[in-house]
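Fold and geometry: a report
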Amino acid sequence: MDLGIKNRVVLVAASSRGLGKAIAFQLSREGSKVVICARNKERLFKTREEIAAETGSVVRAFIADVRDKSQVRRMVKQVADEFGTVEILVCNAGGPPAGLADEFTVEDYREALELNLLSTVNLCYEVIPMMKKQRWGRIINMTSVSAKQPINTLILSNTARAGVLGFSKSLSDQLAPYGITVNSICPGYTRTERVEELAKSFAEKGKGTTEDFYKNIKESIPLGRLGAPEEIAQAVAFLVSERAAYITGVSLQVDGGFVKGLF
Ligand code: NAD
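This section reports on the structure supplied with the text. What you are looking at is a predicted structure, and each value in this text was computed from that prediction instead of being measured.

1. Quick notes on the pattern of salt bridges
- Inspection of every chain in the model, using the stated rule, returns 12 salt bridges.
- Across the salt bridge formed by R8 and E242, the nearest N and O atoms sit 2.8 Å from each other. Of the two residues, R8 is situated in the segment before β1 (9-12) and E242 in the loop between α8 (229-239) and β7 (251-254); the sequence distance between them amounts to 234 residues.
- The class of R8 is buried, set by a relative accessible area of 16%.
- Among the residues examined, E242 registers a relative accessible area of 26% and is labelled partly exposed.
- Residues joined in a network through salt bridges with shared partners are R8, E87 and E242.

Given below as structure tokens:
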């Protein structure tokens, strides 16, 4: 299926590794002009080279912390100066630390909201005026299954990501008259370095082996395995495509059946 996004200008936030990188890769394979960003220069530029070498498409890299309003503004301006616009925006960031309510202070919640909710608001606010002007746009907000089915040990994530779903739904309603769709992706457990780090920390805390960590997770997933980053990326590629022009306001879990609720 031709997704119809060749030469579209795409900004994928937080994309030097993991899900963001897989999404940038996939959209670059589709022929989009892809801009990636992260805070760590070395890995970011290595990722840029890796993607460009494989796909032959235009790939740019900007160092930016998505929590920082002025850095996000500067990056979006540089992208607009070079490409004239941003047509597809994927809001992503790192994840907040795992833990239960009594392990965190109000300040920890503030940081989680800045990382996962306000970075999304910030990126959207910078890009929406261009999308409105061109009367075309695609926004994908990356959240987690924890927004639909809270995970007990991820209280910071549960809190911040539910906010992202509310923001996305409201935005989808308000931007629909401009031909802009806004959808959220709720990934389930997916094999990225972050999950490998979580497995390591599980073992270091003496809770069991890394194999136990993966075994517990697999038991909670009807399809019996973790997802691959490419499987999340393919769902994103469809939702930002011309083929998905009538889909907006959706929060789609890509989770092997992990979420048990109807919605
Ligand atoms: P990851 O840690 O492997 O990758 C995160 C990426 O974001 C890296 O490129 C990192 O450099 C970049 N980044 C982090 N903080 C940033 C910041 N402040 N500014 C700019 N760039 C920043 O994580 P991942 O597994 O790819 O997950 C991505 C997001 O999806 C996270 O929020 C994570 O919690 C969430 N998520 C992941 C899974 C999973 O199983 N992997 C499941 C559900 C939700």
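2. Focus: the site of the ligand
- Taken together, 29 residues lie around the ligand, and S16, L19, R161, T190 and T192 are the ones closest in.
- Here an oxygen atom of the ligand and a side-chain polar atom of S16 are 2.7 Å apart.
- Those elements that place two or more of their residues in the shell around the ligand are α1 (18-29), α4 (106-134) and α6 (193-204).
- A class-by-class count of the residues in the shell around the ligand yields 10 nonpolar, 12 polar and seven charged.

3. Observations regarding the packing of α4 against helix α5 (residues 155-175)
- At a minimum axis distance of 8 Å, the contact between α4 and α5 shows a crossing angle of 20°. Relative to α5, the element α4 is oriented roughly parallel. Crossing geometry of α4 relative to α5 is assigned as right-handed. Touching D108, Y109, A112, L113, N116, L117, T120, V121, C124, Y125, I128 and K132 of α4 are I155, L156, T159, A160, R161, G163, V164, F167, L171 and L175, all from α5.
- Residues that form the contact of α4 with α5 fall into these classes: 15 nonpolar, four polar and three charged.

Definitions and limits used
Residues numbered from 1 in each chain as written. Predicted model: local features only at pLDDT ≥ 70, side-chain atom pairs only at ≥ 80, totals over all residues. Heavy atoms only, no water. Salt bridge = Lys/Arg side-chain N within 4 Å of Asp/Glu carboxyl O. Helix = DSSP H or I, 4+ residues; strand = E, 2+ residues; numbered from the N terminus. Buried < 20%, exposed > 50% of the residue type's maximum accessible area, 1.4 Å probe, protein only. Near = heavy atom within 4 Å. Polar contact = N/O pair within 3.5 Å; in protein donor to acceptor, adjacent residues only side chain to side chain. Nonpolar A, V, L, I, M, F, W, Y, C, P; charged D, E, K, R; others polar. Axes fitted to C-alpha atoms, helices over the stretch in contact; angles between N-to-C directions. Parallel < 35°, antiparallel > 145°, perpendicular 65-115°, else oblique. Left-handed = near helix turned anticlockwise from the far one by under 90°. Contact = heavy atoms within 4.5 Å.

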